[in-house]
Amino acid sequence: MNTVVDRYASTIGLSDVNARHLDALESEAIHILREVAAECSNPALLFSGGKDSVVLLRLAEKAFRPGKFPFPLVHIDTGHNFEEVITFRDQRVAELGERLIVGSVEDSIKKGTVRLRNPQTDSRNAAQAVTLLETIAEHKFDACIGGARRDEEKARAKERIFSFRDEFGQWDPKAQRPELWDLYNTRVHPGENMRVFPISNWTELDVWQYIAREKLALPPIYFAHQRQVIPRNGLLVPLTDLTPARDGEAVETQVVRFRTVGDISCTCPVSSDAETVEAIIAETAVTQITERGATRMDDQTSEASMEKRKKAGYF
């Protein structure tokens, strides 16, 4: 670990985390979850197995246990996810005893609603928007609860906590409803939808500190491990069948971890020797690059790429 991170790690421990700050964030998120349950007729919680959705599950437990969740869990599966994450997803759902609905991009490809030049190798990340809208329509969900945070990316920062989507599933950043204090307008007409983000005001550091406090389990790829990678355009592309080395590229074995998990075709790890949550907290506290900026190939196509996807129905 580098000197700056070492210095930070020596001065902060889990017992020193600002408990009141985390308590306030937790209280706000629980209030939002209960507001969704009270005001929306058929909500769902998006659960991918990633760290943010793991935090959402714990918040839902605190909001509704010992009863069952008042909504099913939903995952939009590209079919190109990391195996460790899918295994963890299924284990966590089984532990909770909740219902999981999986929307499959592969099924959308077979139906012809998603068309890719090469369905075996092309990125399916943006195609998730189509499958999500199809899943919402099939199950008539009027609200989908997600783990997006405003610090992730510029378009995310424009998002309201209760983010309105029109009858076409589209998001218009100029047509969002005002949110005064903790008052939310959940009114939708048939076909319209809300995306709800209870941890909007959290940062990546808040998430990791909460994971530490709650002792939450995560997929192992979040922690430092050896992996073959291809240095490309400032990123470390994982060597897989979907992301092979190009002509002239070198394959290296490095110690890395994932800051975020998603479709294999567009998600990269970062160089890191952080093997524990405490070490990740120390590393996160001094990083100057957002997790998506450091790990997502699809976000590097243009500064507006995420906003364009969200306008088309993306998370």
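1. Thoughts on helix α9 (residues 277–286)
Across the 10 residues of α9, 7 count as buried, placing the element largely inside the fold. Restricting attention to buried positions, one finds in α9 the residues Val 277, Ala 279, Ile 280, Ile 281, Ala 282, Glu 283 and Thr 284.

2. Digging into the environment of Ile 136
By secondary structure assignment, the location of Ile 136 is in helix α6 (residues 128–139). Residue Ile 136 is classed as buried on the basis of its relative accessible area of 10%. The sequence separation of Ile 136 and Pro 43 amounts to 93 residues, and the corresponding C-alpha distance is 9.6 Å. Not counting the four nearest positions on each side in its chain, Ile 136 is found in contact with Phe 141, Cys 144, Asn 193 and Arg 195.

3. Focus on the pairing of strand β7 (residues 225–232)
Here β7 pairs with strand β9 (residues 252–257) via 5 bridges, running antiparallel. Residue pairing across strands places Gln 228 opposite Thr 253, the latter belonging to β9. Across 4 bridges, β7 lies against strand β8 (residues 235–238) in antiparallel orientation. The partner of Pro 231 across the bridge, within β8, is Leu 236. The loop that links β7 with its antiparallel partner β8 comprises 2 residues; one of these, Asn 233, has a positive phi angle of about 55°.

4. Regarding unusual backbone geometry
Going from Arg 65 to Pro 66, the amide bond is cis rather than trans, its omega being 15°. Mapped onto the secondary structure, Pro 66 falls in the loop between α3 (51–64) and β2 (73–77). Not every positive phi belongs to a glycine, and Lys 215 is a case in point at roughly 55°. Position of Lys 215 relative to the elements: it lies in the loop between α8 (204–214) and β7. A positive phi angle, near 55°, is found at Asn 233, a position not held by glycine.

5. So, the side chain of Glu 214
For Glu 214, the position within the fold is in helix α8. For Glu 214, a relative accessible area of 15% gives the class buried. At 3.1 Å, the side chain of Glu 214 forms a polar contact with the side chain of Lys 62. Within the structure, Glu 214 has its side chain in polar contact with the side chain of Arg 213 (distance 3.3 Å). Ignoring sequence-local partners within four residues, the contact set of Glu 214 consists of Glu 26, Arg 58 and Lys 62.

6. What to know about the confidence of the model for the protein
For the protein, the average pLDDT comes to 87, and 87% of its residues sit at 70 or higher. This stretch, residues 1–15, has a pLDDT under 50; its non-local contacts, to residues over four places away or in other chains, come to 16 contacts.

7. Looking at the pattern of salt bridges
Once the charged atoms of two side chains with opposite charge are near each other, the side chains can pair. Within this structure, the stated rule accounts for 21 salt bridges. Between Asp 151 and Arg 149 there is a salt bridge, with its nearest N and O atoms 2.9 Å apart. Using a relative accessible area of 1% as the deciding quantity, one classes Arg 149 as buried. Between Arg 257 and Glu 283 there is a salt bridge whose closest N-O contact spans 2.8 Å. You can see Arg 257 sitting in strand β9 and its partner Glu 283 sitting in helix α9, a full 26 residues away along the chain.

8. Some words on the packing of aromatic side chains
One pass over the full model with this rule turns up 7 aromatic pairs. Relative to Phe 71, the ring of Phe 64 lies with its centre 5.6 Å away and its plane at 85°, an arrangement referred to as edge-to-face. Each of the two residues, Phe 64 as well as Phe 71, counts as buried. Following the ring pairs from residue to residue traces out a cluster consisting of Phe 64, Phe 69 and Phe 71.

9. Topic: the packing of helix α2 (residues 19–39) against α8
Taken N-terminus to C-terminus, the directions of α2 and α8 make an angle of 100°; their axes are 11 Å apart at the nearest point. Classed by the angle they form, the pair α2 and α8 counts as roughly perpendicular. Facing α2, whose interface residues are Ala 19, His 21, Leu 22, Asp 23, Leu 25 and Glu 26, α8 presents Asp 206, Gln 209, Tyr 210, Arg 213 and Glu 214.

10. Details of the environment of Val 277
Topologically, Val 277 is positioned in helix α9. Look at Val 277 and you get buried, because its relative accessible area is 14%. Along the sequence, Val 277 and Trp 208 sit 69 residues apart, while their C-alpha atoms lie 7.0 Å from each other. When residues no more than four places from it in sequence are discounted, the contact partners of Val 277 are Trp 208, Ile 211, Ala 212 and Phe 223.

11. Some words on the sheet that holds strand β3 (residues 100–104)
The strand order β3-β2-β1-β4-β6-β5 describes an open sheet built from 6 strands, whose pairing is mixed. Strands at the two margins of the open sheet, each flanked by one partner only, are β3 and β5 (162–165). On average, each strand axis in the sheet is tilted by 30° relative to the strand beside it, whichever way the strands run.

So, how was this worked out
Throughout, residues of each chain are indexed from 1 in the direction in which the sequence is written. Two thresholds apply to this predicted model, a pLDDT of at least 70 for residue-level local features and 80 or more for giving and counting side-chain atom pairs, whereas whole-chain, interface and lining totals are computed over all residues. Water and hydrogen atoms were dropped before computing side-chain values, which therefore reflect all heavy atoms in the structure. For each residue, the accessible area found with a 1.4 Å probe, counting protein chains only, is set against the maximum for its type, and the residue is called buried under 20%, exposed over 50%, and partly exposed in between. Put simply, DSSP marks the helices as runs of H or I at least four residues long and the strands as runs of E at least two long, and each gets a number from the N terminus on. Contacts were defined at the residue level, with two residues in contact if any of their heavy atoms lie within 4.5 Å. Pairing between strands is defined by DSSP: at least two bridges between the two strands are required. What qualifies as a polar contact is a pair of N or O atoms within 3.5 Å, subject to a donor-acceptor requirement within protein and to the restriction that residues adjacent in sequence count only when both atoms come from side chains. Per-residue confidence from the predictor is given as pLDDT, running between 0 and 100. We define a salt bridge as a contact between a side-chain nitrogen of Lys or Arg and a carboxyl oxygen of Asp or Glu at a distance within 4 Å. Each aromatic pair joins two rings of Phe, Tyr and Trp (for Trp, the six-membered one) with centres within 6.5 Å, and gets the label stacked for planes under 30 degrees apart, edge-to-face for over 60, and tilted for any other angle. All axes are obtained by fitting lines to C-alpha atoms, using only the stretch in contact for helices, and the reported angles, taken between N-to-C directions, cover 0 to 180 degrees. For this classification, under 35 degrees means roughly parallel, over 145 means roughly antiparallel, 65 to 115 means roughly perpendicular, and everything else is oblique.

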